[in-house]
Amino acid sequence: MNTKTVFPIEKVQLLRDRAIEAREFEQMPQEGWSKSAVDPMRLLAVFSALHIKEGYILRAYQFREGGNGNGFVWAMPEKAPFPEPEECERVRGHFLEPPKPPGALDNFMEAIEGDGTPWSYLSASLFAREAREFGARWHGCSWSTHTILGSDPHYPWLEVHPKDWRPVVIEEKGSVTVSFYTYSGLQIEAVYLHTDSYQAGNYAFKSEKIIIGKGPLGYIF
């Protein structure tokens, strides 16, 4: 039997606002790669339904080039060394080839646990996106351009008009699905449906994003 839980957009947006505040840094980091001056554990603390696995910790490196910025969050053993970026191996083939500290997991969500509630899975979907946007500025921004929708935006170019726009979590035997809609005007105005698929009890997920409507040209940074 499926269980469906729908969340008010106000609650979801409040959580996101707190997450955005938690990942903000007070001063411009140095050029190139450096250790992040903002602790990603501060971001995780915003999501009360989630916690880090025992023995692990989140660390982050920050990249800046002029007014552009990107960050990279790693989950790693709590007692493992956290070296300077130039002392690390690099993730070849990945954008900006970020430094990877010893013992770090390939996917930081593998170190995240939750309380098993529907809210915890929606929280995990939001946390993962906010963490991947960690340290992003100007050209480095992607998820930051998205507005989570809770009602029909009434864009004339929409191809699909769902009956309910609010974020939803569907629990089935052994699996959980989180879905929500966003709008972004980056490059082209569009509305997206995000669908995250979980195995129950595991907070690392597979994600799919489809466009349900394209509008006119948007903006670029």
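Keep in mind the model is a prediction, meaning the values are calculated, not measured.

### Thoughts on the side chain of S123
Here S123 is to be found in helix α3 (residues 118–132). Take S123: its relative accessible area is 1%, and that puts it in the buried class. For S123, the residues in contact, after removing those within four places along its chain, are L15, F47, A49 and L50.

### Observations concerning the pattern of salt bridges
Evaluation of the coordinates by the stated rule reveals eight salt bridges. Across the pair E130 and R16 runs a salt bridge, and its minimum N-O distance is 3.0 Å. Of this pair, E130 sits in helix α3 while R16 sits in helix α1 (residues 9–22); the two residues are 114 residues apart in sequence, bridging distant segments of the chain. Here R64 and E31 are joined by a salt bridge, their closest N and O atoms 3.2 Å apart. In this pair, R64 is assigned in strand β4 (residues 56–65) and E31 in the loop between α1 and β2 (32–35), connecting sequence segments 33 residues apart. Relative accessible area serves as the criterion here: at 45%, E31 is assigned to the partly exposed category. A cluster of three or more residues bridged by salt bridges with shared partners is formed by R16, R23 and E130.

### Comments concerning a nonpolar patch on the surface
Nonpolar side chains collect at one region of the surface, where W138, Y219 and F221 lie side by side and expose about 300 Å² of accessible area between them. Tracing the chain through its elements places Y219 in the segment after β13 (206–217).

### Remarks on the sheet that holds β2
Pairing in this open sheet of three strands is antiparallel, and the strands run β2-β4-β5 from one edge to the other. Both edges of this open sheet fall to β2 and β5 (68–77), since each of them pairs with a single strand only. In this sheet, neighbouring strand axes are inclined to one another by 25 degrees on average, regardless of whether the strands run parallel or antiparallel. Where β2 and β4 come together, four bridges link them in antiparallel fashion. Across the sheet, residue G32 finds its bridge partner in β4, namely R64.

### Let's talk about unusual backbone geometry
The backbone phi angle of E97 is positive, close to 45 degrees, even though this residue is not glycine. Along the chain, E97 falls in the loop between β6 (89–90) and β7 (99–100). Given a relative accessible area of 29%, E97 falls into the partly exposed group. Backbone geometry at Q187 places phi at a positive 70 degrees, although glycine is not the residue there. Topologically, Q187 is positioned in the loop between β11 (175–184) and β12 (188–199).

### A word on the environment of L126
The residue L126 is located in helix α3 in this model. Residue classification places L126 among the buried positions, given a relative accessible area of 3%. Beyond its immediate stretch of four places on either side in the chain, L126 contacts V12, L15, F47, W143 and I148.

### What about the nonpolar core?
Counting residues in hydrophobic clusters, the biggest one holds 42 residues, and the most contacted among them are F47, M109 and F127. Of all the secondary-structure elements, those providing two or more residues to this core are α1, α2 (40–46), β3 (50–52), β4, β5, α3 and β11. At eight residues, α3 tops the list of elements feeding residues into this core. Every residue in contact with F127, bar those within four places of it in the chain, is listed here: L43, L44, F47, L50, L58, F108, M109 and I112. Core analysis: the second largest hydrophobic core is formed by 11 residues, W33, I57, A80 and F82 among them.

About the cut-offs
- Residues numbered from 1 in each chain as written.
- Predicted model: local features only at pLDDT ≥ 70, side-chain atom pairs only at ≥ 80, totals over all residues.
- Heavy atoms only, no water.
- Helix = DSSP H or I, 4+ residues; strand = E, 2+ residues; numbered from the N terminus.
- Buried < 20%, exposed > 50% of the residue type's maximum accessible area, 1.4 Å probe, protein only.
- Contact = heavy atoms within 4.5 Å.
- Salt bridge = Lys/Arg side-chain N within 4 Å of Asp/Glu carboxyl O.
- Patch = residues over 30% accessible without salt bridge, like charges linked within 9 Å, V, L, I, M, F, W, Y side chains within 5 Å.
- Areas by Shrake-Rupley, 256 points an atom, 1.4 Å probe, with all protein chains shown as cover.
- Pairing = 2+ DSSP bridges.
- Axes fitted to C-alpha atoms, helices over the stretch in contact; angles between N-to-C directions.
- Core = buried A, V, L, I, M, F, W, Y, C linked by side-chain atoms within 4.5 Å.

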